[in-house]
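# Summary of the model geometry
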Amino acid sequence: DILRNKPLLGQKLKFPQPENLEIKNLIFELNDLWKRLSEMNNLNLKSLTAQRNELDAVFDLIEDGVFILDHVGKIEHHNKVFANIIGVKSNHLNFQFWNDVSVSSLSYLQLRDHLRKENGDESLFWAFVDNADRIFSVKKQYIYDGNKNRSGTIHVLREMNRFLPAENFSEIVLKLKDSQSK
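Rules used in this analysis
- Residues numbered from 1 in each chain as written.
- Predicted model: local features only at pLDDT ≥ 70, side-chain atom pairs only at ≥ 80, totals over all residues.
- Heavy atoms only, no water.
- Helix = DSSP H or I, 4+ residues; strand = E, 2+ residues; numbered from the N terminus.
- Expected span 1.5 Å × (residues − 1).
- Buried < 20%, exposed > 50% of the residue type's maximum accessible area, 1.4 Å probe, protein only.
- Arc of directions from axis to C-beta.
- Contact = heavy atoms within 4.5 Å.
- 1 Å grid on protein atoms, 1.4 Å probe; cavity = no way out; pocket = protein on both sides within 12 Å on 5 of 7 lines; lining within 4 Å.
- Points joined across faces, edges and corners; volume = space filled by probe spheres on them.
- Nonpolar A, V, L, I, M, F, W, Y, C, P; charged D, E, K, R; others polar.

### Focus on helix H4 (residues 166-180)
Look at H4: 21 Å from first C-alpha to last across 15 residues, which is about the 21 Å you get at 1.5 Å a residue. Every buried residue of H4 is listed here: Phe169, Val173, Leu176 and Gln180. Considered in projection along H4, the buried side chains sweep an arc of 75° and stay on one side of the axis. In H4, the exposed positions angled more than 90 degrees off the buried face are occupied by Glu167, Leu174 and Lys175. The elements touched by buried residues of H4 are helix H3 (106-117), strand E3 (122-129) and strand E4 (132-144).

Structure below.
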């Protein structure tokens, strides 16, 4: 009956007055177990938060745009470069469904459509970022859990402008713009 109300971990459990010593000892043990469970939960949350912060710090050092989708299509992580590419503030996207992000930037809409159409592991993508045409190589890598079930996808957007010949750059941009607008 006590747990039917689904008390939050850390919240004090409310027991009726014990009728005998055996019940009183049982209540004491249950309270002690509940307290230890609450402490373990707090430690786990602190550990997960620390791991997320570490991962965010590593991602922010990467010069490529990076975002990770979980197995249902929610954004688990992304870095500042990726946020800049699609025109949003950093950490604005976490835990939103990729196909339903409340962002109206042209870069996001085009990248979303591009990834829907693209079946390969690598493709080219055009975006207008920081008042300039940019071409990105978009790579994806699947993540698998211990049972070899797909648990997510990492997407990496590497800016290719410096690797493309300057004389062909405008032509490549026009071809990508045209293919992305279809």
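### Looking at the layout of surface pockets
Approximately 380 Å³ is the volume found for the largest pocket. As for the largest pocket, its lining consists of 24 residues, of which Leu69, Leu115, Tyr142, Thr153 and His155 are closest to the centre. Those elements that provide at least two residues to the lining of the largest pocket are strand E1 (65-70), H3, E3, E4 and strand E5 (150-159). Tallied by class, residues from the lining of the largest pocket come to seven nonpolar, eight polar and nine charged. Each pocket or cavity is described by its volume, and for the second largest pocket that value is around 160 Å³. Around the second largest pocket, the lining comprises 14 residues; the ones closest to its centre are Glu63, Val81, Ile85, Phe136 and Glu159. The set of elements that each furnish at least two residues to the lining of the second largest pocket consists of helix H2 (80-86), E4 and E5. Grouping the constituent residues of the lining of the second largest pocket by class yields five nonpolar, two polar and seven charged.

These figures capture arrangement, not role.
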